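Coordinates in review
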Amino acid sequence: MRTAFTDLVGVRYPIVGFNRSPGVVAAVTNAGGFGVLGASAYTPAELDAQLTWIDEQTGGQPYGVDLLVPEKFATGAGSGETSRAPGNLVASLRAQIPDGHLAFVRDLLDRYGIPDVPGHPEYDEIAASLNPDGAAPLLDVAFRHPIALIANALGPPPPGLVDRARQQGVAVAALVGQPKHALRQIEAGVDLLIAQGTEAGGHTGTIATMVLTPEIVDIAAGRPVLAAGGIASGRQMAAALALGAAGVWCGSVWLSSEEDVANQAIKAKFLQATSSDTVRSPTRTGKPARQLRSAWHEEWERPGSPAPLPMPLQPMLVNEAWQRIDAAARAGHEGALRLESFFVGQVVGSFGQIRPAGEITRQIVAECEQTIRDLAKLGESS
Ligand SMILES: Cc1cc2nc3c(=O)[nH]c(=O)nc-3n(C[C@H](O)[C@H](O)[C@H](O)COP(=O)(O)O)c2cc1C
């Protein structure tokens, strides 16, 4: 299946597997697709270890890395605040979290009886580094590996990224949820646009993939566009190609893979969920992100609950709570199972079973090819 995307990155099939688990990235790449590692949850040292492992598993076949660098940051990126030593930055951000918010989260966990777990202070540092300066060490690591593509969500590429990528022959991609975002990304010099519709898991806008993709294809004026959001089958992939996309960027479907590192409790909830069971909520990251609806969201929606804080204060407020909820849910704790949730898109309703990521890739591609053949017959018969 040759498209402008397969030519750009040198893969057989125009299907991207976005995931934070290196096992998924390697499996999708080894099946002829293009694996992309979500780097935002890792320290630079962890990212280096993950990419080294992927290099070993994929034997030179292409893969990419995705960063999450928001344009707007609580302290105001570029104010000088973000370039302070990580410890100082974390402390100054922590001081901005209101006591009422801390008390709300404490009370919520108490009411559900969620046990304490040893803290992970590095999570605060990871959240605090979600800014253009903080992303620099992750970029340094990524460029030391043979990546074929680097992507950014939530805003234009961080300073210097496009020039550095050009020098190393790495394609630059950006996720966009509105036509005006695409115009700014083209101006910034990106090579590839990902039109991500509201159906998607994770941070997402309000325009549906069916509407957004052809809008972005028209704006892109020949640059390749991938469709994202709501694509988990070959029929959906064929529809994206019909909309003018040069391929598909899938995120949620890999959460139903064996290689995905999510815990069994959330995977079991995904298998039970329908396409109506997600919600676009800022209560985890401070920006609207689609996730599985749970008792967590009911608590935040109750009258009198505080309004979520901006990124990165909201993740700093709730990170420890989620460590506790995940740990308790893994142990089968009833209250934790009611609260348990994770980022996922509306395609969660189509998850039938947990399967190897390579098998998922091959099935989507085969069904897409069959759908295109069926549609061609339809064209001949008219
Ligand atoms: C669990 C999860 C985490 C995500 N995290 C990120 C992220 O860190 N950076 C990013 O660019 N996109 C992220 N996304 C969005 C995906 O890159 C992709 O655009 C989206 O999943 C596509 O829609 P789908 O979920 O319907 O497949 C995430 C998606 C999911 C499901």
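1. Considerations on helix α14 (residues 313–330)
Between its first and last C-alpha, α14 extends 26 Å over 18 residues, near the 26 Å set by a 1.5 Å rise per residue. Of all 18 residues in α14, 14 are buried; the element is thus mostly enclosed. Of the residues flanking the end of α14, it is Gly332, one or two places downstream, whose phi is positive at about 85 degrees.

2. A few points about the environment of Ala321
With respect to the helices, strands and loops of the structure, Ala321 is situated in helix α14. Residue class for Ala321 comes out buried when judged on its relative accessible area of 2%. Taking the C-alpha atoms as reference, Ala321 lies 30 Å from Ala357; in sequence the two are 36 residues apart. Not counting the four nearest positions on each side in its chain, Ala321 is found in contact with Val105, Leu109 and Trp296.

3. Quick word on the pattern of salt bridges
Across all of its chains, the model carries 10 salt bridges by this definition. Linking Asp7 and Arg2 is a salt bridge whose minimum nitrogen-to-oxygen distance equals 2.9 Å. Under the relative-accessibility criterion, Asp7 is labelled partly exposed at 47%. Using a relative accessible area of 71% as the deciding quantity, one classes Arg2 as exposed. When the shortest N-O distance is used, the salt bridge between Glu299 and Arg302 registers 3.1 Å. By relative accessible area, Arg302 is classed as partly exposed at 43%. Taken together, the shared-partner salt bridges connect Asp107, Arg111, Glu299 and Arg302 into one network.

4. Regarding the side chain of Thr285
Structurally, Thr285 can be placed in the loop between β10 (278–281) and β11 (289–292). For Thr285, a relative accessible area of 10% puts it in the buried group. Of note is the side chain of Thr285, whose polar atom sits 2.7 Å from the side chain of His203. Here the side chain of Thr285 touches Lys287 through a polar contact of 3.0 Å, landing on its backbone oxygen. Not counting residues within four places of it along the chain, the set of residues in contact with Thr285 comprises His203, Met311, Gln314, Pro315 and Phe343.

5. A short note on the sheet that holds strand β6 (residues 192–196)
Ordered by their spatial adjacency, eight strands build a closed barrel running β1-β2-β3-β4-β5-β6-β8-β9, and the pairing between neighbours is parallel. Averaged over all neighbouring strand pairs, the angle between strand axes comes to 25 degrees, with direction disregarded. Where β6 and strand β8 (residues 225–228) come together, four bridges link them in parallel fashion. Across the sheet, the residue bridging to Gln196 is Ala228, located in β8. Most of the contacts of helix α2 (residues 22–30) go to strand β2 (residues 34–38), to which it runs at about 165 degrees, and overall it touches β1 (15–19), β2 and β3 (63–68).

6. A closer look at the packing of helix α7 (residues 136–143) against helix α8 (residues 161–168)
The geometry of α7 relative to α8 is characterised by a closest axis approach of 12 Å and an angle of 10 degrees between their N-to-C directions. Taken together, α7 and α8 sit at an angle that is classed as roughly parallel. Residues Leu139, Asp140 and Phe143 of α7 pack against Leu161, Arg164, Ala165 and Gln168 of α8. When the residues that make up the contact of α7 with α8 are grouped by side-chain class, the tally is four nonpolar, one polar and two charged.

7. Let's talk about the sheet that holds strand β7 (residues 202–203)
Sheet strands line up and pair through hydrogen bonds in the backbone, either parallel or antiparallel. The three strands are arranged β7-β11-β10 in an open sheet whose pairing can be described as antiparallel. The outermost strands of the open sheet, each flanked by one partner alone, are β7 and β10. Of the strand pairs in this sheet, β10 and β11 are connected by four bridges, and their pairing is antiparallel. By the bridge assignment, Thr278 is partnered in β11 with Leu292.

Definitions and limits used
Residues numbered from 1 in each chain as written. Predicted model: local features only at pLDDT ≥ 70, side-chain atom pairs only at ≥ 80, totals over all residues. Heavy atoms only, no water. Helix = DSSP H or I, 4+ residues; strand = E, 2+ residues; numbered from the N terminus. Expected span 1.5 Å × (residues − 1). Buried < 20%, exposed > 50% of the residue type's maximum accessible area, 1.4 Å probe, protein only. Contact = heavy atoms within 4.5 Å. Salt bridge = Lys/Arg side-chain N within 4 Å of Asp/Glu carboxyl O. Polar contact = N/O pair within 3.5 Å; in protein donor to acceptor, adjacent residues only side chain to side chain. Pairing = 2+ DSSP bridges. Axes fitted to C-alpha atoms, helices over the stretch in contact; angles between N-to-C directions. Parallel < 35°, antiparallel > 145°, perpendicular 65-115°, else oblique. Nonpolar A, V, L, I, M, F, W, Y, C, P; charged D, E, K, R; others polar.

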